[in-house]
Structure formats: C-alpha cells, structure tokens
Amino acid sequence: CPMAESAPRAAGPMTIHWLLASAIFIALLSGFVTFNWSWRVPFSLRECLFAVHRLTGFFAGICALVWFARFRFPQSRLPVADRRDIWIRAFQFALVAMATVLTGVAWIGRALDGRWIELISPLPAYNFVSRPDTPLAHALMSVHGTLAYVMLAGLLIHAGSAGIHKLWDNLAKSPKNS
C-alpha cells in the first residue's frame, strides 16, 4: 500500500487554522455565557462552562504559538503580493497575535497572588469566582473581556470576508460564466 510507506505529514496551515478557529469559537461562546450575569445559569453549569472556556482558551493559545513558530507572518499565495493581499495577511497576523495576548493576560491575571499553578494548569485550579484580588488582576481580566469582543468582531470580519471570497470564486467558476 503506497499510503503506508509515505512519511507522516506535519500539520499544515489549514489544519492549524481550523483547530485555532474552533478553539477560539468555543472559548468565546463559553466565556460569554459564563460571565453574562444577567442570564440565570446554575452555578454548577457556570463552573463547567468556565472549565471549557479555560481549556479551549489554553488550546487556542497553544495553537497561536504553533502558528507563530511554524508560519510567522502568513505567506501570500500570489507570485507578487499586491497591497490588498499584504493587508489581508497583516489582518490575519493581528488575529493570531490577539489570540496570544488574549490568552496571556487571562493566565497572568489568574496567576497573581502566588497562584502559580494557574500558569501550568489547563483546567481551573480554583473556581472561577475566586480570582486573585489585586488591582492588576482585575485590570488584566477587564482587558481580557474587552479583547474578547474585539476578537469576536475581527473573527466575524475574517469569516465574512472569506465566505464572500469563496462565494465569488465559485460564481466565477460556474459553467454559465464560462
């Protein structure tokens, strides 16, 4: 069998892209539900959602670091990149950088007051309401929450633009346009 003899391939850009996108989507969704205090969600469910939020956020941070280590600045697929292509790649780079910062500020904020176990644990070592009680921790968690909304807006722009681009390409390739 020729497939058995071939060497295993490293994860390509699309694999890492979809792992990162899925982790960020789940982390944002679970975070928005967990910390929306106007919704009547049982405390035990909030605890579980926070664990999901933290685990997927941790995974998203790792995927973002893998992206930076493997691809650095997103490469253009065009032989000669034009301005529009450079702006698209810069926007993608900014999204990955924001995922890294979003993860980092949360981890540092939770690790303050000597809670170093928070830096290495993908699951919450403490429940989500027992966060460190320092002004810096509160500031970092506020930055984390604000960046989550910025990330959501960026992802909607990214996904919407990619969808429109794909639709446009499919319409251009359709038989009636040939």
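Scroll up for the structure.
Note that the structure is a prediction, hence the values are computed from the model and not measured.

> Quick one: what's the story with the layout of surface pockets, residue by residue and with numbers?
Which parts of space are left empty comes out when a probe the size of a water molecule is rolled across the atoms. There is about 730 Å³ of room inside the second largest pocket. Every element with two or more residues in the lining of the second largest pocket is listed here: α2 (13-34), α3 (43-71), α4 (83-111) and α6 (135-173). Per-element accounting of the lining of the second largest pocket gives the leading share, eight residues, to α6. Split into classes, the residues belonging to the lining of the second largest pocket amount to 18 nonpolar, nine polar and three charged.

> Pulling in residues and values, what's your account of the nonpolar core?
Counting 18 residues, the largest nonpolar core has L20, I24 and M151 as its most contacted members. Elements that contribute at least two residues to this core include exactly α2, α3, α4 and α6. Excluding residues within four positions of it along the chain, L20 makes contact with A60, C63, A64 and V96.

Procedures and definitions
Starting from 1, residues in each chain are numbered consecutively following that chain's sequence as written. Under the rules for a predicted model, residues below a pLDDT of 70 receive no local features and side-chain atom pairs below 80 are neither given nor counted, while totals for whole chains, interfaces and linings still include all residues. Calculated side-chain values reflect all of the structure's heavy atoms, with hydrogen atoms and water omitted. As defined here, a cavity is a set of points on a 1 Å grid over the protein atoms alone where a 1.4 Å probe fits but cannot get out. A pocket is an open set with protein on both sides within 12 Å along at least five of seven lines, and residues line them when an atom is within 4 Å of a point. Grid points are joined across faces, edges and corners, and a volume is the space filled by probe spheres set on the points. Strands are runs of DSSP state E lasting at least 2 residues, helices are runs of H or I lasting at least 4, and numbering of each runs from the N terminus. When residues are sorted by character, Ala, Val, Leu, Ile, Met, Phe, Trp, Tyr, Cys and Pro go into the nonpolar class, Asp, Glu, Lys and Arg into the charged class, and all the rest, Gly among them, into the polar class. We define a nonpolar core as any set of buried Ala, Val, Leu, Ile, Met, Phe, Trp, Tyr and Cys residues linked to one another through side-chain atoms lying within 4.5 Å. Relative accessibility under 20% of the residue-type maximum defines a buried residue, over 50% an exposed one, and the middle range a partly exposed one, all with a 1.4 Å probe and only protein chains included. Note on contacts: a residue pair is in contact if any heavy atoms of the two residues lie within 4.5 Å.

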